[in-house]
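Spelled out, the chains give:
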Amino acid sequence: MMFTCATPGCTDPRHDHLDAPLSRDSPLPRSAPLRRRAAAKAARAAASTKIIRGRRGKSLRIDIHCHYLNQAVAAKVAHLNPAQYEPSVTFANALTREVNVKQVRDRLPKLSTIETRLEDMDRMGIDMQAVSPAPNQCYYWTDPELGLELSRMVNDRLAEIVASWPERFVALGTVPLQHVDLAVAELERCVKQLGLRGVEINPNVNGMDLTNPRLKLEKFFAKAQALDVILFMHPIGFTQGERLIDHYLNNVIGNPMETTIAASHLIFDGVMQRHPKLKIVLPHAGGYLAHYWARMDHGHRARADCRTVIKRPPTSYLAKMYFDTITFDPEMLRHMIDRYGPGHVLLGTDYPYDMGEDDPLGLIGSVRGLKRADRDMIEGGNAARLLKIKR
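This structure is a prediction, so every number in the text was calculated from the model and none was measured.

Peer 1: I'm lost on the pairing of strand S8 (residues 279–282) in this one. Help?
Peer 2: Residues in a regular strand project their side chains so that they alternate between the two faces of the sheet. By the alternation rule, side chains of S8 split into Lys 279 and Val 281 and Ile 280 and Leu 282, which are all buried. Summarising the sheet, strand S7 (residues 230–233) and S8 pair through three bridges and their orientation is parallel. Its bridge partner lying in S8, Ile 230 is registered against Lys 279. Inspection of the sheet shows S8 paired to strand S9 (residues 322–324) by two bridges, in the parallel sense. Counterpart to Val 281 in the pairing with S9 is Tyr 322.

Right, dumping it as structure tokens:
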């Protein structure tokens, strides 16, 4: 993924710039009991998932991972130089910026123009998007009051999109996590007044882990669980990216690493233990944690300092999370489905960024031995259940 500055007249060399303006709209656990519990859980998920039909009479295909850039909000904060707060920009070399500039001319209109987006969805075979903000539009670096104002602008526009195309979109909003009380209030407004199905959050707040006591986010997690909504945890690069400046590494390996660290804190610091029904969706196939899970269970068994908070093996909490399909490899996707069950894997594209999956149905269809019922769940049934989509 890449981000760019679309502000007319901006000359900051750290920004990526456009030459032309854009339109306004524009392997399983080792013990048999764990295996049996996992199988039973997958069976329950399958039994509870009604097949929702799309426009073509097939099971509904829903993209859980896609973004919308609000240009009016971007223009409102342009004078504050947002790029200085974004790891994806600050830890990037000149060639990365040059490559981004070359391609964003095509990508940014897709971010902000719904008609273009709909054409791409039809081409990709996607019936609905659970559209979320461009990840750099969470604006945790602002003062809380401004952060709330910006969040409301982002969320109101997303609600407008859903209202205009209700058969094609549901939305995940944003909240100012830099101030927990404002975040809780805006989360409640998003869900109860705007009809949004959850929110996107970054994996840290100004470099602080989401479990940092200074943030006091326990009440936010409690509210998300009480409202029974999704928390889609999306990175914007790795926060300590000094070693990842070249080769676009702050995205290529930095994004999955940021997700891995944040999810590990949610597990080891007890958030998932205290809020067992919390719906956490991890992008980019769950980062590295979803594919190298056994090491943390070994640490939990071997070391007392890995057992200071949680009582059960860490993977028992990881298994409660959800993962998108952006693996770029059918064998890797097959392993993830086998490990966590088809009920915890959701179609995702990262539309419209260059690090996304342009043929998600082809990727899922290339997974060997995948049953039709499991495929239906992954392509849309799971998302329909989590997002409460009914047809």
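Following the structure, the description resumes.
Peer 1: How should the packing of helix H7 (residues 180–192) against helix H8 (residues 218–227) be read in this particular structure?
Peer 2: Two measures define how a pair of helices packs: the angle their axes make with one another and the distance between the axes. The N-to-C vectors of H7 and H8 enclose an angle of 15°; their axes lie 9 Å apart at closest approach. Here H7 lies roughly parallel to H8, going by the angle between them. The way H7 lies across H8 gives a crossing that is right-handed. Contact with H7, carried on its side by Val 180, Asp 181, Ala 183, Val 184, Leu 187, Glu 188, Val 191 and Lys 192, involves Lys 219, Phe 220, Lys 223, Ala 224 and Leu 227 of H8 and no other residues of that element. Per-class residue counts for the contact of H7 with H8 are eight nonpolar, no polar and five charged.

Peer 1: Any chance you could explain the sheet that holds strand S4 (residues 198–201) here in plain terms?
Peer 2: Hydrogen bonds between backbone atoms are what pair the strands of a sheet, whose relative direction is either parallel or antiparallel. An order of S4-S7-S8-S9-S10 is seen for the five strands of this open sheet, with the pairing classed as parallel. Of all strands in the sheet, those bounded by a partner on one side alone are S4 and strand S10 (345–346). Taken strand by strand, helix H10 (residues 254–268) contacts S7 and S8, and its axis lies near 140° from that of S7.

Peer 1: Honestly, the packing of helix H6 (residues 144–164) against H7 in this entry has me stumped. Any pointers?
Peer 2: In contact at an axis separation of 11 Å, H6 and H7 are set at 15° when each is read in the N-to-C sense. By the angle between their axes, H6 is roughly parallel relative to H7. Between H6 and H7 lies a crossing whose hand is right-handed. Together, Pro 144, Glu 145, Leu 148, Ser 151, Arg 152, Asn 155 and Asp 156 of H6 and Leu 182, Glu 186, Arg 189 and Cys 190 of H7 make up the contact between the two elements.

The rules behind each value
Residues numbered from 1 in each chain as written. Predicted model: local features only at pLDDT ≥ 70, side-chain atom pairs only at ≥ 80, totals over all residues. Heavy atoms only, no water. Buried < 20%, exposed > 50% of the residue type's maximum accessible area, 1.4 Å probe, protein only. Helix = DSSP H or I, 4+ residues; strand = E, 2+ residues; numbered from the N terminus. Pairing = 2+ DSSP bridges. Axes fitted to C-alpha atoms, helices over the stretch in contact; angles between N-to-C directions. Parallel < 35°, antiparallel > 145°, perpendicular 65-115°, else oblique. Left-handed = near helix turned anticlockwise from the far one by under 90°. Contact = heavy atoms within 4.5 Å. Nonpolar A, V, L, I, M, F, W, Y, C, P; charged D, E, K, R; others polar.

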